[in-house]
Amino acid sequence: RDFCNKATSRISYSLGDVVFAEHNKADAMMFVTQGKCQYFGKYEKRGSTVKLGEWCSEAALWTDWEHVGCLQAMVNAEALLVNAAKLVEVVRKHPRVSPCTLEYGTSFVAWLNEQSEVGRLNDLHCIDRPTLDIFVTNAFAVQVQFDEEEHQTAPTPPALLQRLKEKFLRRSDSSASAASSTPSTDIDAALPPPPAPVPQQ
């Protein structure tokens, strides 16, 4: 709820509007919630369509980012923005989600540097599924470890970690249907309640 109220906003574009241009500083991640846009990347020969449920500029959340391409509305369109600076403010107020957020962001920046080395930088979401799977697994592992230390509980079974990861990835796959409505972003709800403390012997 805190995330929705403080870190997100909606914006509308008319046909032909330039959403962003190359070298503009990015301060938000963008989800298309209506219509579609055309992206022309610095390293791309042809444009790419960004349509309902797809997103771009995720790098703005995790590092100082300048756009490496141009995005233009192909029709009247709407988008949901996640402001990077406000996201940081929200995460700082919720220590429980800080470890997994930091872990995912660190992994994303490392992947971004690899893309830069091979000349594949762009503003679109283009992480392959196996790589995303690793990011999510590591992020949840860090989160669960934090909870165990915080509550001094027994280690979480690997099967539960796997279910958490699959739940997150299913949400990622269904983003097209979810993007058109106000998302549920109570991050704590993504994790089960902490298990009961282990009785002392």
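Our structure's up above, just so we're on the same page.
Reference entry: report on the structure contained in this document. Every value quoted in this text rests on a predicted model; they were computed, and no experiment measured them. (Residues numbered from 1 in each chain as written. Predicted model: local features only at pLDDT ≥ 70, side-chain atom pairs only at ≥ 80, totals over all residues. Heavy atoms only, no water.)

**Considering unusual backbone geometry**
Threshold: A helix here means a DSSP run of H or I that spans at least four residues, while a strand means a run of E at least two residues long, and both kinds are numbered starting from the N terminus. A 1.4 Å probe rolled over the protein chains alone gives each residue an accessible area, and that area as a share of the maximum for its type sets the label: buried under 20%, exposed over 50%, partly exposed in between.
Within the chain, His23 stands out as a residue other than glycine whose phi angle is a positive 80 degrees. Checked against the element boundaries, His23 lands in the loop between strand S2 (18-20) and strand S3 (25-26). What makes His23 exposed here is its relative accessible area of 53%.

**With respect to empty space enclosed by the protein**
In plain terms, the rule: Points on a 1 Å grid, built from protein atoms alone, make a cavity when a 1.4 Å probe fits but cannot get out and make a pocket when they are open with protein on both sides within 12 Å along at least 5 of 7 lines; residues with an atom within 4 Å of a point are the lining residues. Grid points are joined across faces, edges and corners, and a volume is the space filled by probe spheres set on the points. Throughout, the ten residues Ala, Val, Leu, Ile, Met, Phe, Trp, Tyr, Cys and Pro are labelled nonpolar, Asp, Glu, Lys and Arg are labelled charged, and all others, Gly among them, are labelled polar.
Following the criterion strictly, the structure yields 1 cavity of 30 Å³ or more and no others. Lining the largest cavity are 17 residues, with Phe108, Trp111, Leu112, Asn122 and Leu124 sitting closest to its centre. At 4 residues, the largest contribution of residues to the lining of the largest cavity is made by helix H4 (residues 98-117). When its residues are assigned to classes, the lining of the largest cavity shows 10 nonpolar, 4 polar and 3 charged.

**Focus on the nonpolar core**
The nonpolar side chains of a soluble globular protein tend to be buried with one another. Selection rule: Definition of nonpolar core: a set of buried residues of the types Ala, Val, Leu, Ile, Met, Phe, Trp, Tyr and Cys, connected through side-chain atoms within 4.5 Å. Whether two residues touch is decided by their heavy atoms; if any such pair falls within 4.5 Å, the residues are in contact.
One finds Met30 and Leu71 to be the most contacted residues of the largest nonpolar core, which totals 33 residues. In this structure Leu71 touches Asp17, Val18, Val19, Phe20, Met30, Cys37, Gln38, Tyr39, Val50 and Cys56, once residues within four positions along its chain are discounted. If you look at the next biggest cluster of nonpolar residues, it comprises 13 residues, including Met29, Trp55, Val90 and Val97.

**Let's talk about the side chain of His67**
Test applied: Pairs of N or O atoms are called polar contacts if they sit within 3.5 Å, as long as, within protein, a hydrogen donor faces a hydrogen acceptor (for residues adjacent in sequence, only side-chain-to-side-chain pairs).
Along the chain, His67 falls in the loop between strand S8 (65-66) and strand S9 (69-73). Side-chain polar atoms of His67 contact the side chain of Asp123, separated by 3.0 Å. Not counting residues within four places of it along the chain, the set of residues in contact with His67 comprises Phe20, Ala21, Glu22, His23, Asn24, Lys25, Ala26, Ser57 and Asp123.

**Focus on the sheet that holds strand S1 (residues 8-13)**
Note the cut-off: Here a strand pair is declared whenever DSSP counts at least two bridges between the two strands. With axes taken as lines fitted to C-alpha atoms, and helix axes fitted only over the stretch in contact, angles between N-to-C directions fall between 0 and 180 degrees.
The sheet built from 4 strands is open, its strands ordered S1-S10-S4-S7 with antiparallel pairing. If you trace the sheet from one side to the other, it starts and ends with S1 and strand S7 (55-56), each paired once. As defined by bridge partners, strand S4 (residues 28-34) adjoins strand S10 (residues 77-83) across 6 bridges and the pair is classed as antiparallel. Bridge pairing in S10 places Met30 opposite Leu81. Sheet strands in contact with helix H3 (residues 84-93) are S4 and S10, and its direction is about 45 degrees off that of S10.

**What about the layout of surface pockets?**
A probe matching the size of a water molecule, rolled over the atoms, marks out where space remains unfilled. Taken as a whole, the second largest pocket holds about 200 Å³ of empty space. Taken together, Leu61, Trp62, Ala84, Leu87, Val88, Val91, Arg92, Ser98, Thr101, Leu102, Gly105 and Thr106 make up the full set of residues lining the second largest pocket. Breaking the lining of the second largest pocket down by element, the ones donating at least two residues are helix H2 (59-62), H3 and H4. A breakdown of the residues in the lining of the second largest pocket according to their chemical character gives 7 nonpolar, 4 polar and 1 charged.

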